[in-house]
Amino acid sequence: MITAEAIGVPPAPPQSPPQPPPIPPQSVATPSTIPKSIAMDSNPKPSSSPAPNPNPSKAQSSKEQHHRDLLNCIEAYLAKRDGVDKLLKISRYAAKLILASSLLQSSNNPTLSHRLKSFESSVGVSRKAFRLGKFVQDLNALRASHPHSNRHLLFTLLAYGGEGFYYFVEQFVWLAKSGLIDPKHARAFQKVSAWAELVGYFGSLALKLADLNSIAEEETCLASSVEITRLRGVECAEEESRLRKLREKKTMKRLSVVQDLADAAMALDDVLDGNAPFSKPVFLASAGLLSALIGTHKNWVSC
């Protein structure tokens with residue numbers, strides 16, 4: 001067989017594989033080439049339904065945290081001696097108010113009246129048991145005080161000394177009412193404790209009124225400083241926070257004054273053996289209930 005190389009004819013070049021025909025470039029749609037109606041329909045519309053929560057467990061955990069905080073506050077409140085005492089005080093004077101009002105008298109139910117009287121008496125004895133050793137608290141407060149004048153020293157001695165002596169004598173009142181001491185001495189102990197309580201409230205009111213005057217002066221100066229700073233267009237967030245806390249402190253101090261006035265009225269009634277011009281059962285029960293509610297609020301805020 002004669003090949004092309006044998007006769008001097010160069011071999012034909014190898015043929016490349018056939019290429020696919022070129023694809024014409026597609027036209028890209030631009031805003032100018034899209035019909036107006038289609039372009040308007042393609043715009044997404046805002047949805048009226050709220051967006052799904054990316055973390056659905058976050059809201060639930062915040063609610064659980066709120067409940068835990070509330071339970072922690074309740075636990076801390078009930079762990080305090082004063083917290084339980086104020087709850088007992090509310091129960092006692094609420095019962096006194098029901099007994100003194102015309103609601104129970106119009107019902108003509110002697111059994112309910114007897115039960116409320118027994119409940120009020122037993123709660124009163126229970127409250128005295130919660131005051132065992134409470135006079136030490138006043139002694140420590142007296143030691144930690146730093147009077148800045150002779151008048152302040154006098155009021156401090158009257159406030160903490162009178163209240164501490166009152167709590168000390170109340171221990172013997174409780175022992176007499178519980179039967180460990182001869183009950184015939186209970187009346188004398190009650191008289192001494194009433195005088196000590198009244199003296200303590202006198203000193204406490206004097207100290208708190210002096211504190212209110214100091215707070216009012218500080219509030220006036222701070223409010224003027226905040227107002228001047230606002231007029232200059234300068235941020236005063238720290239001063240505003242101080243002013244807000246100062247006003248909250250003033251409100252709590254005023255509530256303490258009202259509480260001491262209510263308790264002092266009841267102590268004065270005990271000193272006068274119920275012969276004071278205001279010695280009305282409804283008034284005294286209302287004063288005791290008001291004092292208990294204010295004390296409960298103060299203890300709850302401090303938790």
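Preceding this section is the structure that the text describes.
Here is a short report on the structure shown in this document. None of these values were measured; they are calculated from a predicted model. (Residues numbered from 1 in each chain as written. Predicted model: local features only at pLDDT ≥ 70, side-chain atom pairs only at ≥ 80, totals over all residues. Heavy atoms only, no water.)

### Thoughts on the overall build of the protein chain
To keep it simple, the criterion reads: The way it works is that DSSP assigns letters per residue, a run of H or I at least four long becomes a helix, a run of E at least two long becomes a strand, and they are numbered from the N terminus. The buried label applies to any residue whose accessible area, calculated with a 1.4 Å probe on protein chains only, is under 20% of its type's maximum; exposed applies above 50%, and partly exposed to all values in between. Contacts are assigned to residue pairs that have any heavy atoms within 4.5 Å of one another. Calculation of accessible area relied on Shrake-Rupley with a 1.4 Å probe; when residues are assessed, cover is drawn exclusively from the protein chains displayed.
Looking only at helices and strands, the protein chain has ten helices and zero strands in total. If you list the helices and strands of the protein chain from N to C, you get α-α-α-α-α-α-α-α-α-α. Per-residue burial over the protein chain gives 28% buried out of 303 residues. Expressed as a percentage of contacts within the protein chain between residues at least 6 apart in sequence, the contacts between residues at least 24 apart total 75%. As displayed, the protein chain has an accessible area near 21000 Å², and 62% of this comes from carbon and sulfur atoms.

### Looking at the environment of Ser-178
By secondary structure assignment, the location of Ser-178 is in helix α7 (residues 150-178). Sequence separation between Ser-178 and Ala-129 is 49 residues, and the spatial gap between their C-alpha atoms is 9.6 Å.

### Overview of the packing of helix α8 (residues 186-231) against helix α9 (residues 237-271)
Formally: All axes here are fitted lines through C-alpha atoms, helices being fitted over the stretch that makes contact, and every angle between N-to-C directions spans 0 to 180 degrees. Angular relationships are summarised with four words: roughly parallel below 35 degrees, roughly antiparallel beyond 145, roughly perpendicular across 65 to 115, and oblique for the angles in between. What makes a crossing left-handed is the near helix being turned counterclockwise from the far one by less than a right angle; a clockwise turn instead makes it right-handed. Asp, Glu, Lys and Arg are counted as charged, while Ala, Val, Leu, Ile, Met, Phe, Trp, Tyr, Cys and Pro are counted as nonpolar; the rest, among them Gly, fall into the polar class.
It is the contact of α8 with α9, at a shortest axis distance of 8 Å, that shows an interaxial angle of 160 degrees. As judged from the angle between their axes, α8 and α9 are roughly antiparallel. In this structure, α8 meets α9 at a crossing whose hand is left-handed. Of the residues belonging to the contact of α8 with α9, the class tally is 19 nonpolar, two polar and 18 charged.

### Some points on unusual backbone geometry
Excluding glycine, most residues fall at negative phi; most peptide bonds, likewise, are trans. Unlike most non-glycine residues, Asp-273 shows phi in positive territory, near 55 degrees. Residue position: Asp-273 is located in the loop between α9 and α10 (281-301). Classification of Asp-273 as partly exposed rests on a relative accessible area of 43%.

### Regarding the side chain of Asp-269
Selection criterion: We score Asp and Glu as negative and Lys and Arg as positive, and we do not count His or the chain ends. Between Lys or Arg on one side and Asp or Glu on the other, a salt bridge is scored when a side-chain nitrogen of the former is within 4 Å of a carboxyl oxygen of the latter. Between N or O atoms, a polar contact is any pair within 3.5 Å; within protein, one atom must be a potential hydrogen donor and the other a potential acceptor, and residues adjacent in sequence are included only when both atoms are from side chains.
Following the sequence through the fold, Asp-269 ends up in helix α9. We note that Asp-269 is buried and unpaired, the nearest opposite charge coming from Lys-96 at a distance of 8.2 Å. Polar contacts involving the side chain of Asp-269 include one to the side chain of Ser-279, which spans 2.4 Å. Apart from residues lying up to four places away in sequence, Asp-269 is in contact with Gly-274, Asn-275, Phe-278, Ser-279 and Leu-284.

### Some remarks on α7
Our working definition: Here the expected span of a helix is defined as 1.5 Å times the quantity of residues minus one.
When the terminal C-alpha atoms of α7 are compared, their 42 Å separation across 29 residues agrees well with the 42 Å that a helix rising 1.5 Å per residue should span. Looking at the residues trailing α7, positive phi occurs at Gly-179, about 100 degrees.

### Some words on the pattern of salt bridges
Scanning the entire structure with this criterion turns up 16 salt bridges. In this structure, the salt-bridge partner of Arg-131 is Glu-170, at a minimum N-O distance of 3.2 Å. Linking Arg-131 in the loop between α5 (110-129) and α6 (135-144) with Glu-170 in helix α7, this pair joins segments that are 39 residues apart in sequence. With relative accessibility at 2%, the residue Glu-170 sits in the buried group. With its nearest N and O atoms 3.8 Å apart, the salt bridge here joins Asp-182 to Lys-184. Look at Asp-182 and you get partly exposed, because its relative accessible area is 36%. One network of salt bridges, in which partners are shared, links Asp-85, Lys-86 and Arg-127.

### Re a nonpolar patch on the surface
Stated precisely, the cut-off is as follows: Only residues whose relative accessible area exceeds 30% and that form no salt bridge enter a patch; like-charged residues are grouped when within 9 Å of one another, and nonpolar side chains (Val, Leu, Ile, Met, Phe, Trp, Tyr) when within 5 Å.
On the surface, Leu-70, Leu-71, Ile-74, Leu-78, Leu-87, Trp-300 and Val-301 cluster together to form a nonpolar patch covering roughly 600 Å² of accessible area. Looking at the nonpolar patch, the elements with two or more residues in it are α2 (56-79) and α10. Take the nonpolar patch: its biggest share by element is four residues, from α2. Relative to the helices and strands, Trp-300 is located in helix α10. Residue classification places Trp-300 among the partly exposed positions, given a relative accessible area of 37%.

### Focus: the packing of aromatic side chains
Heads up, the condition is: Stacked, tilted and edge-to-face are the three classes assigned to paired rings of Phe, Tyr and Trp, where Trp is represented by its six-membered ring and a pair needs centres within 6.5 Å; plane angles under 30 degrees give stacked, over 60 edge-to-face, the rest tilted.
The full count for this structure, using the stated rule, is seven aromatic pairs. Ring centres of Tyr-166 and Tyr-167 lie 5.1 Å apart, and the angle between their planes is 50 degrees; on these two criteria the pair is classed as tilted. With a relative accessible area of 8%, Tyr-166 lands in the buried category. Aromatic ring contacts, followed pair by pair, group Phe-135, Phe-168, Phe-172 and Phe-189 into a single cluster.

The values are spatial; any link to function lies outside them.
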